[in-house]
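Here is how the chains run, residue by residue.
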Amino acid sequence: MTDTPAALRGAVDLGALAARSRRADSGLATIDEAAFQELAQQSLQRPVVIAFVSASSPQSEELAREIEQVAADAGVNAAACDIDAQPAIAQAFQIRAVPAAVALIGGRPAPLFQGAATREQLVEVMGQVVEAARQMGAAADMPAGAAPQEDAPEPLPPLHQEAHDAIDRGDLDAAEAAFDKALRENPKDAEARAGRAQVRLMSRSRTADLGAVRAAAAAAPDDVDAQLAVADMDVLGGQLDDAFGRLVDLVRVTAGDERERVRARLLELFEVVDPADQRVLRARQALASALY
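Worth saying up front: this structure is predicted, and the values here are computed from it rather than measured.

Enquirer: Break down the overall build of the chain for me, citing the residues and quoting the values.
Expert: A tally of regular secondary structure across the chain gives 13 helices and 5 strands. Taken over 292 residues, the chain has a buried fraction of 44%. Partitioning the intrachain contacts of the chain with sequence separation of at least 6 by distance along the chain shows that 66% fall at a separation of at least 24.

Enquirer: Provide a residue-level description of helix α7 (residues 172-185), including the pertinent values.
Expert: A rise of 1.5 Å per residue sets the reference length of α7, with its 14 residues, at 20 Å; its end C-alpha atoms lie 20 Å apart and thus fit the reference within 8%. Packing partners of the buried residues in α7 comprise α6 (158-168) and α8 (190-205).

Enquirer: Which residues make up the pairing of strand β3 (residues 77-82), and what are the values?
Expert: Across 2 bridges, strand β1 (residues 29-30) lies against β3 in parallel orientation. Of the residues in β3, the one forming a bridge with Thr 30 is Ala 80. Here 6 bridges tie strand β2 (residues 48-53) to β3, and the two strands are oriented parallel to one another. By the bridge assignment for β3, Ala 51 is matched with Ala 80. On the question of chirality, the crossover connecting β2 to the parallel β3 by way of helix α3 (residues 58-74) is right-handed.

Enquirer: I'd like to hear about the nonpolar core, residue by residue, with values.
Expert: In this structure, Val 235, Phe 244, Leu 247, Val 262, Leu 266, Leu 269 and Phe 270 are the most contacted members of the largest nonpolar core, which totals 25 residues. The element that contributes the greatest number of residues to this core is helix α11 (residues 240-253), accounting for 7 residues. In this structure, Val 235 is in contact with Leu 201, Leu 240, Ala 243, Phe 244, Leu 269 and Val 272, ignoring residues within four places of it in sequence. If you look at the next biggest cluster of nonpolar residues, it comprises 23 residues, including Ile 67, Ala 74, Met 126 and Ala 133.

Enquirer: Could you give me a rundown of the side chain of Asp 232, with the residues and numbers involved?
Expert: Along the chain, the position of Asp 232 falls in helix α10 (residues 224-236). When residues no more than four places from it in sequence are discounted, the contact partners of Asp 232 are Leu 201, Arg 204, Arg 265 and Leu 269.

Enquirer: Can you tell me about the environment of Arg 200, naming the residues and giving the values?
Expert: Among the secondary structure elements, Arg 200 is positioned in helix α8. In sequence terms Arg 200 and Ala 175 are 25 residues apart; their C-alpha atoms lie 9.4 Å from each other. When neighbours within four sequence positions are excluded, Arg 200 is seen to be in contact with Glu 176, Asp 180 and Glu 268.

Enquirer: A description of helix α9 (residues 210-219) should follow, citing residues and the corresponding values.
Expert: Along an α-helix, a turn takes 3.6 residues, which lines up residues three or four apart on a common side. All of the buried residues in α9 are Leu 210, Val 213 and Ala 217. End-on, the buried residues of α9 take up no more than an arc of 70°, which puts them together on one face. The exposed set on the far side of α9, more than 90 degrees from its buried face, consists of Ala 218 and Ala 219. Where the residues of α9 are buried, they touch α2 (33-42), α10 and α11. Where α9 begins, the side chain of Asp 209 points an oxygen toward the backbone nitrogen of Gly 211, at a separation of 3.2 Å.

Enquirer: Give me the lowdown on the packing of aromatic side chains, citing residues and values where you can.
Expert: Taken as a whole and assessed by the stated rule, the structure comprises 3 aromatic pairs. Note on Phe 244 and Phe 270: the rings are 5.0 Å apart at their centroids and 85° apart in plane angle, and the pair reads as edge-to-face. In this pair, Phe 244 sits in helix α11 while Phe 270 sits in helix α12 (residues 256-272), placing the two residues 26 residues apart along the sequence. We note that Phe 244, like Phe 270, is buried. Connected via pairs of aromatic rings, a cluster forms that spans Phe 36, Phe 52 and Phe 93.

Enquirer: Account for the sheet that holds β1, with residues named and values stated.
Expert: Taking strand neighbours across the sheet as the criterion, the 5 strands line up as β1-β3-β2-β4-β5 in an open arrangement whose pairing is mixed. In this open sheet, the two strands that pair with only one neighbour each are β1 and β5 (108-114). Note that strand β4 (residues 100-105) and β5 share 6 bridges and pair antiparallel. Following the sheet pairing, Ala 103 is matched in β5 by Ala 110.

Rules behind the numbers
- Residues numbered from 1 in each chain as written.
- Predicted model: local features only at pLDDT ≥ 70, side-chain atom pairs only at ≥ 80, totals over all residues.
- Heavy atoms only, no water.
- Helix = DSSP H or I, 4+ residues; strand = E, 2+ residues; numbered from the N terminus.
- Buried < 20%, exposed > 50% of the residue type's maximum accessible area, 1.4 Å probe, protein only.
- Contact = heavy atoms within 4.5 Å.
- Expected span 1.5 Å × (residues − 1).
- Pairing = 2+ DSSP bridges.
- Right-handed = clockwise from strand over helix to strand, strands pointing away.
- Core = buried A, V, L, I, M, F, W, Y, C linked by side-chain atoms within 4.5 Å.
- Arc of directions from axis to C-beta.
- Polar contact = N/O pair within 3.5 Å; in protein donor to acceptor, adjacent residues only side chain to side chain.
- Phe/Tyr/Trp six-rings, centres within 6.5 Å; stacked < 30°, edge-to-face > 60°.

Encoded structure:
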């Protein structure tokens with residue numbers, strides 16, 4: 001990053017202010033790290049599409065407004081992320097240029113596109129987002145008539161439906177119990193294992209204060225509980241490399257029961273993410289190296 005000329009240090013970036021004003025006028029909310037974590041939680045019930053924008057790219061601002069309109073028509077939540085103001089979020093999603101868009105479906109990120117897109121393309125992509133959410137059981141909070149599909153999605157297995165119904169009413173203990181039962185019946189049920197990991201993550205973090213969690217972790221780098229807590233928040237915030245790297249490092253410096261706790265939590269957090277995600281694959285290799 002180049003140094004800012006002395007005459008401009010502390011100056012107001014009028015372009016950035018104008019961009020944020022346009023987004024405010026359009027009703028599309030801009031997010032910071034804490035708001036992003038709230039969206040990740042919301043995506044368990046309704047998909048979310050995030051438009052990545054920059055004041056230096058008027059095209060990204062225009063596309064964000066198009067995304068807002070198309071998302072509203074489909075019953076999908078939408079938000080904007082200013083990559084200049086929130087570089088950590090952009091980095092977590094490997095966004096290197098704008099415009100770009102990412103969906104959150106069932107707590108999992110799904111890259112949509114990078115570059116320009118026509119309205120017709122946006123409508124098609126939004127339909128795919130809705131369909132994916134319905135198949136994952138992450139569309140419970142969507143309007144009944146949103147983005148109708150030609151073919152109804154396959155019904156969930158009974159215990160999966162029981163778990164999603166429990167999530168809808170806020171009973172995370174019952175949801176975990178339903179997924180546990182599904183896994184007892186079929187230990188190879190990957191969707192139940194992922195669902196249970198997501199529910200456990202929600203339970204641990206639903207009342208957490210992000211600032212307090214980060215402060216505690218910074219003050220006590222050797223405190224296993226503090227590091228596990230901040231790793232949870234990083235996963236919710238999409239900062240997977242940070243979360244996984246933190247716990248792999250913790251595996252290296254712990255032993256016995258504490259090391260096993262960290263290893264088990266890391267494996268559980270892997271379940272929250274698409275197993276083909278390169279960040280998961282890298283972290284699995286790093287964990288193997290740390291253990292052996």
